[in-house]
Amino acid sequence: MAAVIIIPILIVTLIAASSYIVYALLLRDFLSKRSINKTLEKYNIKKSPFEIIKEYYEIKNESLSDNEIKKIEKKYRRNEPEQFLTMYDAIRDNDKSREQ
């Protein structure tokens, strides 16, 4: 009798847990990456988030490896997506000041 109640609860729990894991590890990152790319496209920015981070830290005279840049990109993508536009503005302002 208890099996009739416990087995469906276990099945639903496993499905919910696996769905959450797929969302947390894959889908959320994919959706945030797509959102950032659309935002950059909306403002006619032809650089990728990776390139923006790399150039921004080069302006600050900080040398980062590709792995460090990828970690920073992932952190910003998940927590602070507006940072890409802020960094791009800093790059653009630096380019304008060099021209003058």
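Up top is the structure.
Read on for an overview of the structure. (Residues numbered from 1 in each chain as written. Predicted model: local features only at pLDDT ≥ 70, side-chain atom pairs only at ≥ 80, totals over all residues. Heavy atoms only, no water.)

Moving on, we come to the pattern of salt bridges. Under the definition given, this model contains 6 salt bridges. Among the salt bridges present, the one from aspartate 29 reaches arginine 78, with a minimum N-O distance of 4.0 Å. Of the two residues, aspartate 29 sits in helix H1 (residues 2-42) while arginine 78 sits in helix H3 (residues 66-79), which places them 49 residues apart along the sequence. A relative accessible area of 16% places aspartate 29 in the buried class. Here lysine 60 makes a salt bridge to glutamate 62, at a shortest N to O gap of 3.8 Å. Here lysine 60 falls in the partly exposed class, since its relative accessible area comes to 40%. Since its relative accessible area comes to 36%, glutamate 62 is described here as partly exposed. Where salt bridges share partners, they join Asp29, Glu73, Arg77 and Arg78 into one cluster. (Salt bridge = Lys/Arg side-chain N within 4 Å of Asp/Glu carboxyl O. Helix = DSSP H or I, 4+ residues; strand = E, 2+ residues; numbered from the N terminus. Buried < 20%, exposed > 50% of the residue type's maximum accessible area, 1.4 Å probe, protein only.)

Okay, the environment of isoleucine 52 next. With respect to the helices and strands, isoleucine 52 occurs in helix H2 (residues 49-59). Once residues within four sequence positions are removed from consideration, isoleucine 52 is found in contact with Leu40, Ile45, Lys47, Phe84, Met87, Tyr88 and Ile91. (Contact = heavy atoms within 4.5 Å.)

Right, let's talk about the packing of aromatic side chains for a bit. Two aromatic rings are characterised by how far apart their centres lie and by the angle between their planes. Under the defined criterion, the tally for this structure stands at 2 aromatic pairs. Ring centres of tyrosine 56 and tyrosine 57 lie 5.4 Å apart, and the angle between their planes is 85°; on these two criteria the pair is classed as edge-to-face. An angle of 90° between the planes, with centres 6.2 Å apart, marks the rings of tyrosine 76 and phenylalanine 84 as edge-to-face. The same class applies to tyrosine 76 as to phenylalanine 84, namely buried. (Phe/Tyr/Trp six-rings, centres within 6.5 Å; stacked < 30°, edge-to-face > 60°.)

By themselves, these figures tell us nothing about what the structure is for.
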